[in-house]
Amino acid sequence: MASDASRSRASAAQPSPWHAPTSGTTLVAACFMIFGGAMAIFEGISAIAKDDVFLATRHYVFEFSLTGWGWVHLILGIVIVLAGCAVLSGALWARYFGVFVAGLGAIANFLWIPYYPLWALVLVAVNLFVCWALCHGMHLEADTGRTS
C-alpha cells in the first residue's frame, strides 16, 4: 500500500507532458485557419477572374488593383491553410507562424473592405479570433506546465 501512495505522489510531482492539439482553443483556431484560408483562396480566385461580385468604389482612402489583391489573397489563403494544418500537428513554431499569418490576413481583409465589405469584415473577425485563440492556447499550456 505504501508503494502505491508514493507512486501517486511521484506521478503528481512529474506532470505528464501536455500537447497543444489537445487544447480546444488550439483545435478551434486551426479549424478557423483552414476555413479562413479557404475563403481567402476563393476570394482571390474570384478577384483574379474579375468576377462581377466585387464593387469598385471610388474616392476611398486607398485604391488597389483588383487582380493584384486577388493574387495577394490567393497566396495568403494558401499559406494560412498550410499553417492551420501545421497547427493541428502541435508544433510550437506553427502557432507562432499562425499568429503572424492570421495577423497579415486580418490586415489584408481590412484593406479589402472597399471591394466586399461584409465578407472582409467577417474574415477580419475570423483572423483576429485565430490570433486570440492561438495565444490563449499557449497561455493555457504555460499555466498547465507550472501547476503540479
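All chains use their own residue numbering, which begins from 1 and follows the written sequence. The predicted origin of the model limits local features to residues at a pLDDT of at least 70 and limits the giving and counting of side-chain atom pairs to 80 or more, whereas totals for whole chains, interfaces and linings rest on all residues. Note: side-chain values were computed over all heavy atoms of the structure, leaving out hydrogens and water.

Draft legend 1. Summary view of the nonpolar core. For this analysis, a nonpolar core means a set of buried residues of the types Ala, Val, Leu, Ile, Met, Phe, Trp, Tyr and Cys, connected via side-chain atoms within 4.5 Å. Any residue under 20% of the maximum accessible area for its type is buried, any over 50% is exposed, and the rest in between are partly exposed; the area is computed with a 1.4 Å probe on protein chains only. With 23 residues, the main nonpolar core has Met33, Val87, Trp112 and Leu134 as its most contacted residues. Secondary structure follows DSSP: runs of H or I at least 4 residues long count as helices, runs of E at least 2 residues long count as strands, and numbering of each begins at the N terminus. Of all the elements in the fold, those that place two or more residues in this core are α2 (24-48), α3 (66-89), α4 (92-111) and α5 (117-146). Residue contributions to this core peak at 6 residues, all from α3.

Draft legend 2. Layout of the confidence of the model for the chain. Predictor confidence is given residue by residue as pLDDT, running from a minimum of 0 to a maximum of 100. Averaged over the chain, the pLDDT score is 79; the fraction of residues at 70 or greater is 69%. The lowest-confidence element of the chain is helix α1 (residues 2-13), averaging 49 in pLDDT; the highest-confidence one is α4, averaging 92.

Draft legend 3. Structural detail: a nonpolar patch on the surface. Like-charged residues within 9 Å of one another, or nonpolar side chains (Val, Leu, Ile, Met, Phe, Trp, Tyr) within 5 Å, are grouped into patches, provided each residue has over 30% relative accessible area and no salt bridge. Here the open area of atoms and residues is found with the Shrake-Rupley method and a 1.4 Å probe, where only the protein chains shown may cover a residue. Take a side-chain nitrogen of Lys or Arg and a carboxyl oxygen of Asp or Glu: if they are within 4 Å of each other, that pair is a salt bridge. On the surface, a cluster of nonpolar side chains totalling about 440 Å² of accessible area is made up of Val28, Phe32, Phe35, Phe129 and Trp132. Counting only elements with at least two residues in the nonpolar patch, the list comes to α2 and α5. Turning to its location among the elements, Val28 is positioned in helix α2. The exposure class assigned to Val28 is partly exposed, which follows from its relative accessible area of 35%.

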